[in-house]
Amino acid sequence: MENQVLTPHVYWAQRHRELYLRVELSDVQNPAISITENVLHFKAQGHGAKGDNVYEFHLEFLDLVKPEPVYKLTQRQVNITVQKKVSQWWERLTKQEKRPLFLAPDFDRWLDESDAEMELRAKEEERLNKLRLESQGSPETLISLKKGYLFMYNLVQFLGFSWIFVNMTVRFFILGKESFYDTFHTVADMMYFCQMLAAVESINAAIGVTKTPVIPSLSQLLGRNFILFIVFGTVEEMQSKAVVFFVFYIWSTVEIFRYPFYMLSCIDMDWKVLTWLRYTVWIPLYPMGCLAEAVSVIQSIPIFNETGRFSFTLPYPVKIKVRFSFFLQIYLILLFLGLYVNFRHLYKQRRRRFGQKKKKIH
């Protein structure tokens, strides 16, 4: 009696350049797998859902593929990789709109288009970095130097912000609310140092030393330094206000978790508690910090109007006086736009780190 011909369960996923098919058949030997006229043909003897039988299926792809499939046999399944002719994202696998009953998404390999693009960029960046390192010298030496440099940078920043945090905390417990009003004169020098040094992070991102996106890094650097050097640094009346305490305290709280996390990453260590804190404390602290910075800007507007500092008059024939407070009001808008940029960037990082619930895909 001839074996009955049946259809196996097939699971699929994609990247921009490749298609992945996983055929649920065990104990398969010498399967017949080919692509003709953009149709994948599969036939093999194996053990599937209906026992030991001959299983086969045919799939006509949505778009053109290369006619040389590559497959790998394991004890439990057959893995097939098909190269797309054009690197692009497909809305579905098959030319027919209705999904075949035996076909389902492979959630173990499934990525959304945006995540796949990030993976593709990461691989391309890794390839380019590898080529760059090969042309410059020994990869191991350069990587060690890079890790050492980043470790020392993060260590210095961690020590600086820890000093600010501990100093402010101790003074608050000793002096109470009185410590609010001389925060600037107590810790400003160290804050100046840390924030000037933070420019290194944007430079690292711009030249490819780190994978941090340039825009979120630069927006945080410019925003903080505007508050520190312009709003606080040039207006003596602002230096004795309580809002300085809250701005500095929130900044330092964020950084005493961020920098040690980066330090441990440089030596390939992962402390789960610290990792969770690094990707979680920003959720309440970033909006609070943004609010504190906004309050400081609002409080400084009357002072800038009264003193006329940084205000100027346009040349003849316009002769209109432009108050610096006008730019402060624009900055308030940019401040909340910057919060959105950083919040979105950090949310994506957190989602990649801790994963997300898989969506049901039709």
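Residues numbered from 1 in each chain as written. Predicted model: local features only at pLDDT ≥ 70, side-chain atom pairs only at ≥ 80, totals over all residues. Heavy atoms only, no water.

1. Remarks on the environment of threonine 210
Thinking step 1. Position of threonine 210 relative to the elements: it lies in the loop between α4 (199-207) and α5 (214-232).
Thinking step 2. Overall, the relative accessible area of 22% leaves threonine 210 in the partly exposed class.
Thinking step 3. Separated by 60 residues in the primary sequence, threonine 210 and leucine 150 have C-alpha atoms spaced 9.0 Å apart.
Thinking step 4. Beyond its immediate sequence surroundings of up to four residues, threonine 210 is in contact with Leu150, Asn204 and Ala205. (Helix = DSSP H or I, 4+ residues; strand = E, 2+ residues; numbered from the N terminus. Buried < 20%, exposed > 50% of the residue type's maximum accessible area, 1.4 Å probe, protein only. Contact = heavy atoms within 4.5 Å.)

2. Notes on unusual backbone geometry
Thinking step 1. Phi at aspartate 27 is positive, roughly 55 degrees, even though this residue is not glycine.
Thinking step 2. On the basis of relative accessibility, which here comes to 55%, the residue aspartate 27 falls in the exposed class.

3. Notes on the pairing of strand β3 (residues 18-23)
Thinking step 1. Burial within β3 is extensive, with five of its six residues counted as buried.
Thinking step 2. In this structure, strand β2 (residues 10-14) lies alongside β3, joined through five bridges in antiparallel fashion. The residue of β3 that forms the bridge with glutamine 14 is leucine 19.
Thinking step 3. Counting the residues that bridge the hairpin from β2 to β3 gives three residues.
Thinking step 4. Of the strand pairs in this sheet, β3 and strand β8 (residues 78-83) are connected by six bridges, and their pairing is antiparallel. Directly across from valine 23, in β8, lies its bridge partner valine 78. (Pairing = 2+ DSSP bridges.)

4. Looking at a nonpolar patch on the surface
Thinking step 1. There is a patch of nonpolar side chains on the surface, built from Phe312, Leu314, Val318, Ile320, Phe326, Phe327, Ile330, Ile333, Leu334 and Leu337 and spanning about 890 Å² of accessible area.
Thinking step 2. Here the nonpolar patch takes six residues from helix α9 (residues 324-354), the largest share from any one element.
Thinking step 3. Along the chain, valine 318 falls in the loop between β10 (312-313) and β11 (321-322). (Patch = residues over 30% accessible without salt bridge, like charges linked within 9 Å, V, L, I, M, F, W, Y side chains within 5 Å. Areas by Shrake-Rupley, 256 points an atom, 1.4 Å probe, with all protein chains shown as cover. Salt bridge = Lys/Arg side-chain N within 4 Å of Asp/Glu carboxyl O.)

5. Topic: the domain arrangement of the protein chain
Thinking step 1. When cut into domains, the protein chain gives domain 1 (10-112) and domain 2 (145-355).
Thinking step 2. Computed from C-alpha coordinates alone, the two centres of domain 1 and domain 2 are separated by 51 Å. (Domains from an automatic or database assignment.)

6. Brief notes about the nonpolar core
When a protein is soluble and globular, its nonpolar side chains tend to lie buried together.
Thinking step 1. Judged by nonpolar contacts, the single largest core of 48 residues is most densely connected at Phe184, Ile227, Val231, Phe232, Val247, Phe248 and Leu328.
Thinking step 2. Counting residues per element, the ones that place at least two in this core are α2 (139-175), α3 (183-197), α5, α6 (243-266), α8 (282-307) and α9.
Thinking step 3. Beyond its immediate stretch of four places on either side in the chain, phenylalanine 232 contacts Phe184, Ile227, Met238, Gln239, Val243, Val244, Val247, Phe248 and Ser296.
Thinking step 4. Listed in part, the 27 residues of the second largest apolar core include Leu21, Ala44, Val82 and Phe102. (Core = buried A, V, L, I, M, F, W, Y, C linked by side-chain atoms within 4.5 Å.)

7. With respect to the UniProt feature "transmembrane region" (unreviewed entry) in the protein chain
Thinking step 1. In the numbering adopted here, UniProt assigns the feature "transmembrane region" (unreviewed entry) to residues 150-170, 242-261, 281-304 and 324-343.
Thinking step 2. For residues 281-304, the end-to-end C-alpha separation is 34 Å, with 96% helix and 0% strand making up the annotated structure. (UniProt positions renumbered as here; feature names shortened; annotations may be inferred.)

8. As for the pairing of β2
The side chains of a regular strand alternate between the sheet's two faces.
Thinking step 1. By the criterion of burial, β2 is predominantly enclosed, with four of the five residues buried.
Thinking step 2. In terms of strand pairing, β2 meets strand β9 (residues 103-105) through three bridges, oriented parallel. Considered in β9, the bridge of valine 10 is made with leucine 103.

9. Remarks on the packing of α8 against α9
Thinking step 1. Where α8 meets α9, the closest approach of the two axes is 10 Å, and the angle between their N-to-C directions is 175 degrees. With respect to α9, the element α8 is oriented roughly antiparallel.
Thinking step 2. Of the residues that constitute the contact of α8 with α9, the class distribution is 20 nonpolar, five polar and two charged. (Axes fitted to C-alpha atoms, helices over the stretch in contact; angles between N-to-C directions. Parallel < 35°, antiparallel > 145°, perpendicular 65-115°, else oblique. Nonpolar A, V, L, I, M, F, W, Y, C, P; charged D, E, K, R; others polar.)

10. Considering the side chain of lysine 84
Thinking step 1. One can find lysine 84 in the loop between β8 and β9.
Thinking step 2. Buried within the structure, lysine 84 lacks any salt-bridge partner; aspartate 63 is the closest side chain of opposite charge, at an N-O distance of 8.5 Å.
Thinking step 3. Reaching out from lysine 84, the side chain makes a polar contact with the side chain of glutamine 14 at a distance of 2.6 Å.
Thinking step 4. A distance of 2.8 Å separates a polar atom in the side chain of lysine 84 from the backbone oxygen of glutamine 88.
Thinking step 5. Lysine 84 has contacts with Gln14, Arg15, His16, Arg17, Glu18, Leu19, Leu64, Val65, Lys66, Trp89 and Trp90, leaving out every residue within four places of it along the chain. (Lys, Arg positive; Asp, Glu negative; His and termini not counted. Polar contact = N/O pair within 3.5 Å; in protein donor to acceptor, adjacent residues only side chain to side chain.)

11. A closer look at the pattern of salt bridges
Thinking step 1. Here the structure, examined in full by the defined rule, presents nine salt bridges.
Thinking step 2. Residue glutamate 91 is joined to arginine 92 by a salt bridge in which the shortest nitrogen-to-oxygen separation is 2.8 Å.
Thinking step 3. A salt bridge links arginine 224 to glutamate 255; its shortest N-O distance comes to 2.7 Å. Note that arginine 224 is positioned in helix α5 and glutamate 255 in helix α6, a separation of 31 residues in sequence.
Thinking step 4. On the basis of relative accessibility, which here comes to 1%, the residue glutamate 255 falls in the buried class.
Thinking step 5. Through salt bridges that share partners, Glu201, Arg224, Glu255 and Arg258 make up one connected network.

12. Quick notes on the sheet that holds β2
Thinking step 1. Overall, mixed pairing links the five strands, which are arranged β7-β8-β3-β2-β9 in an open sheet. The sheet terminates laterally at β7 (70-73) and β9, the two strands that pair on one side only. Shown here is a sheet whose adjacent strand axes are inclined to one another by a mean of 25 degrees, direction ignored.

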